[in-house]
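Reading the structure
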Amino acid sequence: MKNKAILLGLLSIGFFATSCSNDDNEGETIIPLQGKYNLRQTGSIVGGQEVLVDAAANQPGCSTDYLDLRLSNAAVYGDYNGSNCALVETTGTYVRSHNDLTLTINGVTTTSDIMNLTNKELKLKDKTTGAITVYSR
């Protein structure tokens, strides 16, 4: 009886170790991408350091511009503009492939690395220009 308990314990540890050893998602986040993100910061990498500043696109006194990524793969960019903070929404599409996000808005396609995706933040780095954009949920 004692040997059976030891054998059962060892088998349980073996199954647990096996099931956990294959959890590597190669750096890809499993947080859902869909959601509304408020534009917070922009920047780039200078001398190997990330340099971010408050997003100049956000007009003082207005709500923050946003990117809304919907389940239908529609991407909506919201831009508050002018003295009356008028909202202009531009709709396009997006495609996610692993840690790449490709946005097509107004006929312009950009592909970015998803540098960070959490329940609170989306950080993108444009693959062509190196520009970094940080959004918050």
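The notes below deal with the structure included here. Just so you know, these numbers come straight off a predicted model, no measurement behind them.

Definitions and cut-offs
- Residues numbered from 1 in each chain as written.
- Predicted model: local features only at pLDDT ≥ 70, side-chain atom pairs only at ≥ 80, totals over all residues.
- Heavy atoms only, no water.
- Helix = DSSP H or I, 4+ residues; strand = E, 2+ residues; numbered from the N terminus.
- Buried < 20%, exposed > 50% of the residue type's maximum accessible area, 1.4 Å probe, protein only.
- Contact = heavy atoms within 4.5 Å.
- Areas by Shrake-Rupley, 256 points an atom, 1.4 Å probe, with all protein chains shown as cover.
- Disulfide = S-S within 2.5 Å.
- Polar contact = N/O pair within 3.5 Å; in protein donor to acceptor, adjacent residues only side chain to side chain.
- Core = buried A, V, L, I, M, F, W, Y, C linked by side-chain atoms within 4.5 Å.
- Salt bridge = Lys/Arg side-chain N within 4 Å of Asp/Glu carboxyl O.

Quick look at the overall build of the protein
On a plain count of helices and strands, the protein comes out with one helix and nine strands. Overall, the protein shows an N-to-C arrangement of helices and strands of α-β-β-β-β-β-β-β-β-β. Within the protein, buried positions represent 29% of all 137 residues. Looking at the protein alone, contacts between residues at least 24 apart form 38% of all its contacts between residues at least 6 apart. When the accessible surface of the protein is totalled, it reaches about 8900 Å², and 55% of it is carbon and sulfur.

Focus on the state of the cysteines
In the structure shown here, the tally under the stated rule is one disulfide. With its sulfur 2.0 Å from that of its partner, Cys62 forms a disulfide with Cys85. Its S-S torsion of about -80° marks the bond between Cys62 and Cys85 as left-handed, since a negative value means left-handed. Residue Cys62 is located in the loop between strand 2 (49-54) and strand 3 (66-69), and its partner Cys85 is located in the loop between strand 4 (74-81) and strand 5 (86-97); the two are separated by 23 residues in the primary sequence. According to the relative accessible area criterion, Cys85 is partly exposed, its value standing at 22%.

Considering the environment of Thr129
As for its position among the elements, Thr129 is in the loop between strand 8 (121-126) and strand 9 (132-136). Here the alpha-carbon distance between Thr129 and Thr110, two residues 19 residues apart in the chain, equals 9.7 Å. Among the polar contacts made by the side chain of Thr129, one reaches the main-chain amide nitrogen of Ala131 at a distance of 3.2 Å.

Considerations on the nonpolar core
Core analysis: the biggest nonpolar cluster contains 16 residues, and Leu33, Leu69, Leu101 and Leu122 have the highest contact counts within it. Put simply, the parts of the chain that give this core at least two residues each are strand 1 (35-46), strand 3, strand 6 (100-105), strand 7 (108-117) and strand 8. The leading source of residues in this core is strand 6, at three residues. Residues within four places of Leu101 in sequence aside, it is in contact with Leu33, Leu69, Tyr94, Val95, Thr110, Thr111, Ser112, Ile114 and Leu124.

A short note on unusual backbone geometry
Even without being glycine, Cys85 reaches a positive phi, approximately 55°. Despite not being glycine, His98 shows a phi value in the positive range, around 55°. Positionally, His98 belongs in the loop between strand 5 and strand 6.

Describing the pattern of salt bridges
Here the structure, examined in full by the defined rule, presents five salt bridges. One salt bridge in this structure joins Arg40 and Glu121, with 2.9 Å as the shortest N-O distance. A residue pair is termed long-range when its members are at least 10 positions apart, and Arg40 in strand 1 and Glu121 in strand 8 qualify at 81 residues. Residue classification places Arg40 among the partly exposed residues on the basis of a relative accessible area of 31%. Put simply, Asp100, Asp113 and Lys127 are held in one network by salt bridges that share partners.

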